[in-house]
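Chain residues, written in single-letter form:
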Amino acid sequence: MGLPIYGLLSFLASFAVMASIYAIFAIGLNVHWGYTGLLNFGIAGFFAIGAYTSALVTSPMPTGVLASYIKQAFGLNAPFLVGVLSAAVVSGLIAALVGLLTLRLSEGYLAISTIGIAESIRIFFNNESWLANGPQGLIGLPQPLSNILPPAYYSYVYLVIVLIFLAVIYVAVERGIRSPWGRVLRAIKEDEVMSSADGKNVFFFKLQALVFGAMIMGIGGALYAHYSAAIQPGVFEPLFGTFIIWTMLILGGTGNNKGAILGSFIVWSLWSWSTFFILKVVPRGFETRAPYIRYILIGLLLVIIMVRRPKGIIGEERQVSKF
Amino acid sequence: MAELIVYGIILGSIIALGSVGLTLIWGITELFNCAHGDQITVGAYIALIFTSLFARIGFLQAKVGPFSFSWGLLLSFIPAILISVVLAILIDRWVYKPLRKTGAHFMTGFIASIGVAWAMRGLIYIIWGAEFHFYAKGLRPMLFLPLGIKLRTDEIFIMVVAWAAVAAVYLFLNRTKMGKAIRALADNASLARVAGINTERMLIWTWGIAGVLIAIAGILYGIETQLRPEMGWIFLLPLFAAVILGGKGSITGALAGGIILGLAQQVSTMWLQPTYKPAVAFLLMILVLIFRPKGIFGRRKV
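Chemist: Just checking my understanding: could you explain the overall build of chain B for this structure?
Modeler: Scanning chain B from N- to C-terminus turns up 11 helices and 2 strands. Each helix and strand of chain B, ordered N terminal to C terminal, gives the series α-α-α-α-β-β-α-α-α-α-α-α-α. Over its C-alpha trace chain B gives a radius of gyration of 19 Å, about what one expects of a compact globule, namely 19 Å for 302 residues. Taken along the three principal axes of its C-alpha coordinates, chain B extends 55 × 45 × 35 Å. Counting over 302 residues, chain B shows a buried share of 53%. For chain B, restricting intrachain contacts to residue pairs at least 6 apart in sequence, the fraction spanning at least 24 positions comes to 76%.

This is the structure:
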């Protein structure tokens, strides 16, 4: 195993797993912002809910010595797919609740409210230790199909699982957006007043889009949880949980699912590979601070895209309806 | 309870200070500046640089009267304010002005300001690291007031400076011609433009005022708690909530909103863990948005 090529391949596999999970989030955001025009800045909230739901549903209740270290409200020990499905359902339910409260607000207020909701969800998981072990979070989450190959190859196995999910979600969203339902969403984005004059219940369609996108994000959260096998509230902070995904979508191309996937792979390579180069050049003693260069990188990237090329690399796809 | 109310007013004073600039810019340009919190952080850290520079001059090391901080920090207000003003104006020229020219969507400014915020925070992390910093080491002198209220002497200073700054800005906006023009813009930008007010020139002044208040808010917040890279971001939700509570472009609204937010957050600790404070701020904001979308003090457009 000393050959560098194996190291590189497994690095690439784990890179692709994370980039694909992010692509799922970016497609979910595309349903919200790209197609319906909902400014959801609270992706991290649905990310957290998906991850925690699947973690609690699939892991067994801790017993023996572990029970004194890990507190969790319940542990159902259910199969992986049940976990992912419940993540989607719970995330969708929370989205419906959030939507009922906030979707009547104008877009700016919606943006700020969703930031607040995501932060409140994170603070809730951090404070309520009885639910999911508070700031320490949950560790040792079950990983599907972990015994078919040696642990060193697990990234490859998981990559296949994630790619299947990504493909199914991609096809579902593409079909949805080309259906009559999807046409209404895009009409709402272009002109809300016209759509409601057209007899469409704008609020209800927005609510459906919010729930649909949030379910996709919930699935993304579950996939993240079982890959990293450990989650804690710190993961769901605004940069890593929300704004990096916005950067991915608007860099790739808002309103375009291929753009969402492309943007995810570009931004995630910048994020994960920059660490290597940064660590090579920084002086000794600054290693702990160097990764923050990525904050500057993401920040400047956002500013540059907004000022220079708000359409992103690919730009919005012209949708031709098939129905 | 009495103690929590006093703490609430202190926190509220700092929030009010930060929210005036935010509401003016929102009113004039439709930009909801997400970098406002991080600009506050930058203001606080600039004062930290100058405080340690000034500490090399012997007599500036001495503590000011009954307070915990040195004469050096007091002097640092001047360079911190200057740099904060220049920074605010430059960011507007480089980032938001090109967006205004293209008549961009609300979202473009919002996201660009998030980018500015991350870039500034990254810089602070790289220069100072994630650890806490303090303006002064050692004891923070306490006062024991009636009703069992324990107050740090510093907190008296914070209140006095915060309200002096607010009063100065208030007088400027109400008594000078330029101030009135800025208020007219914030209240109804298109009407003011028709009346011949030069928006771009007034915006430089507005960002300048915001920069002054941002630096003061940052230093006061740093004296009250401690300096850390996330301080401004944590501060942003209450700031937004105060501004929304007060109504778009309303200065008195923002001041009142700030005090209400400070009180609500501190008094909530009677029943909730203090870590829930940002959530309390946010919940209050949602309630106002649902029942009074124009803010408690927002004027109805005729």
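Right, picking up where we left off after that structure.
Chemist: Just to check I follow, could you spell out the nonpolar core for this structure?
Modeler: Considering soluble globular proteins, one finds that nonpolar side chains tend to be buried as a cluster. Ranked by size, the top nonpolar core spans 201 residues in total, and within it Leu213, Ile216, Ala241 and Met285 of chain B carry the most contacts. Dropping the residues within four chain positions of it, Met285 of chain B is found in contact with Gly116 of chain A together with Phe240, Ala241, Ile244 and Leu245 of chain B.

Chemist: Teacher, can you tell me more about the interface of chain B and chain A here?
Modeler: Size of an interface: often given as the accessible area lost when the parts come together. Contacts between the two partners involve 35 residues from chain B and, on the opposite side, 32 residues from chain A. When contributions to the side of chain B that touches chain A are tallied by element, the ones reaching two or more residues are α3 (71–101), α4 (106–128), α9 (231–246) and α11 (277–291) of chain B. Counting residues per element, the side of chain B that touches chain A draws most heavily on α4 of chain B, at 17 residues. Split by residue class, the side of chain B that touches chain A holds 28 nonpolar, 6 polar and 1 charged.

Chemist: Would you mind showing me how to read the pairing of strand β1 (residues 142–145) of chain B here?
Modeler: On a regular strand, one side chain projects to one face of the sheet and the next to the other, so that they alternate. All names here are of chain B. As paired elements, β1 and strand β2 (residues 149–152) share 4 bridges and run antiparallel to each other. Looking at the pairing, Leu145 lines up with Ile149 of β2. In this antiparallel pair of consecutive strands, β1 and β2, the connection spans 3 residues, and Leu147 shows a positive phi of 65°.

Parameters and conventions
Residues numbered from 1 in each chain as written. Chains lettered and ligands numbered in written order. Predicted model: local features only at pLDDT ≥ 70, side-chain atom pairs only at ≥ 80, totals over all residues. Helix = DSSP H or I, 4+ residues; strand = E, 2+ residues; numbered from the N terminus. Rg over C-alpha atoms; globule rule 2.2 N^0.38 Å. Buried ≥ 20, exposed ≤ 12 C-beta atoms within 10 Å, placed from the backbone. Contact = placed C-beta atoms within 7 Å. Core = buried A, V, L, I, M, F, W, Y, C linked by C-beta atoms within 7 Å. Nonpolar A, V, L, I, M, F, W, Y, C, P; charged D, E, K, R; others polar. Pairing = 2+ DSSP bridges.

In short, geometric facts, not functional conclusions.
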